[in-house]
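# Structure at a glance
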Amino acid sequence: MIAAANPRPPLHGTGGLPPLVRRARLHDAPALHALSLAFIRSGALRPRSIDHYLAHAGEFILATGRGRTPVLGCLALSDEGDGAAVLYNFCVARGNQGRGLGAALLRAALADAGSRLVREVFTATTDGAAFFRRHGFEPAGPGRAPAAWAAALDPARGSEVLCRRL
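Analysis parameters
- Residues numbered from 1 in each chain as written.
- Predicted model: local features only at pLDDT ≥ 70, side-chain atom pairs only at ≥ 80, totals over all residues.
- Heavy atoms only, no water.
- Pairing = 2+ DSSP bridges.
- Helix = DSSP H or I, 4+ residues; strand = E, 2+ residues; numbered from the N terminus.
- Contact = heavy atoms within 4.5 Å.
- Expected span 1.5 Å × (residues − 1).
- Bend = angle between axes of the 7 residues up to and from the residue.

What follows concerns the sheet that holds strand β5 (residues 120-125). Sheet strands pair by backbone hydrogen bonding; their relative direction is either parallel or antiparallel. Here seven strands make up an open sheet; going across it, the order is β1-β2-β3-β4-β5-β7-β6 and the pairing mixed. Edge positions in the open sheet fall to β1 (20-23) and β6 (138-139), since each of these has one partner strand only. Note: strand β2 (residues 60-64) against strand β3 (residues 71-81), five bridges, orientation antiparallel. From the neighbouring strand, Ile-61 faces β3, where its bridge partner is Leu-75.

Following this line, the structure appears as structure tokens:
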């Protein structure tokens, strides 16, 4: 991999302020769905209907610029019980990648998981394993991930299941 000679500048929201990272609310569901569609079409995310985003809006953490700006990135954290949670639907708008926004979203999700007494956070990725490894995730051994979630993964996607202990 060749590193860029000029790294991208840090991401800033409106007025030079850093993006706002917050829990999504029900009215954010259409924007979460809209952001995710490009990643669904590319195969990077599993298909989910707008109904999923409406029903699970409270699981999502999002990043926006300040003021009334579009969603720049999002991820969801699902509590699976027994001290386990799952990160899913992790995406950052193409023009905002490589600027630390994904790391900010991940930090917020891990802090949220820790506040809920989650001991392990799992995720499945088709091409983001290096990112997750930089943030302390390791390959999850067979049978370690929450059973219902692991059973729902599509083997044809070739996802790598990763875990981080908190």
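Moving on from the coordinates now.
Position of Thr-64 among the secondary structure elements: in strand β2. Excluding residues within four positions of it along the chain, Thr-64 makes contact with Pro-19, Leu-20, Thr-69, Pro-70, Val-71 and Leu-72.

Relative to the 20 Å expected for 14 residues at 1.5 Å per residue, helix α1 (residues 29-42) spans 20 Å between its end C-alpha atoms, a close match to the ideal helical length. Residue Ser-36 marks the point of greatest curvature in α1, where the axis turns by about 35°. Against the buried residues of α1 lie α2 (50-55), β2, β3 and β4 (84-92). Gly-43 sits one or two residues past α1 and shows a positive phi near 90°.

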